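Listed below, chain by chain, are the residues.
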Amino acid sequence: MAHKTLEDLEDFAERLQGPLGTALRSTGVILERRMRERGLKWADLDDNQVADLFLAAFLEAAPDAYPQLDRTVVEEAVRTMAANVKMELTANVTGSATPN
């Protein structure tokens, strides 16, 4: 994991005031609604299920947060991010299962 500086954290906080923050807040609302509709609790879900729910909600929320961009461009970027997250989750599961 890369070492974070105060400047990195301030930059991230600033980005949360823009479209990224809007997308993440909308994602939270969508996640809450979907979990309630399905009768789910966070404790019921494994990491992959949480990632799937989050990424599906983010895919729904992100295009509206970036209206200046073509919807298909935003959706493709989210799908690419989702693929990377899924690969990292798989690598972490595989890595943690490997004996030292």
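Treat the numbers as computed from the prediction; the structure is a model and nothing was measured. (Residues numbered from 1 in each chain as written. Predicted model: local features only at pLDDT ≥ 70, side-chain atom pairs only at ≥ 80, totals over all residues. Heavy atoms only, no water.)

Undergrad: Sorry if this is basic, but what is going on with the overall build of the chain here?
TA: Secondary structure summary: the chain contains four helices and zero strands in total. The linear arrangement of helices and strands in the chain, starting from the amino end, is α-α-α-α. Dimensions of the chain along its principal axes, counting C-alpha atoms only, are 50 × 40 × 25 Å. Across the 100 residues in the chain, those meeting the buried criterion constitute 22%. Long-range contacts, defined as pairs at least 24 residues apart, comprise 48% of the intrachain contacts of the chain with a sequence gap of at least 6. Summed over its atoms, the accessible surface of the chain is roughly 7,500 Å², and 57% of this surface lies on carbon and sulfur atoms. (Helix = DSSP H or I, 4+ residues; strand = E, 2+ residues; numbered from the N terminus. Buried < 20%, exposed > 50% of the residue type's maximum accessible area, 1.4 Å probe, protein only. Contact = heavy atoms within 4.5 Å. Areas by Shrake-Rupley, 256 points an atom, 1.4 Å probe, with all protein chains shown as cover.)

Undergrad: How do you make sense of the packing of aromatic side chains when you look at a structure like this?
TA: Each aromatic ring pair is described using two quantities: the centre-to-centre distance and the angle formed by the ring planes. Overall, the coordinates contain one aromatic pair when judged by the stated rule. Taking the centre distance of 5.7 Å and the plane angle of 15° together, the rings of phenylalanine 54 and phenylalanine 58 count as stacked. Of this pair, phenylalanine 54 and phenylalanine 58 both sit in helix H3 (residues 47–65), four residues apart, which is roughly one turn of the helix. By relative accessible area, which is 7% here, phenylalanine 58 ends up buried. (Phe/Tyr/Trp six-rings, centres within 6.5 Å; stacked < 30°, edge-to-face > 60°.)

Undergrad: Would you take a moment to explain the nonpolar core for this structure?
TA: Looking at soluble globular proteins, one finds that nonpolar side chains tend to be buried together. Among the nonpolar cores identified, the biggest contains seven residues, and these are Ile30, Leu31, Met35, Leu45, Leu53, Ala57 and Ala61. Of all the secondary structure elements, the ones that give two or more residues to this core are helix H2 (19–38) and H3. Setting aside residues up to four positions removed in sequence, leucine 53 forms contacts with Leu31, Arg34, Met35, Arg38, Leu40 and Leu45. In terms of nonpolar packing, the next biggest core, distinct from the first, is built from six residues, Ala23, Ala62, Ala65 and Val74 among them. (Core = buried A, V, L, I, M, F, W, Y, C linked by side-chain atoms within 4.5 Å.)

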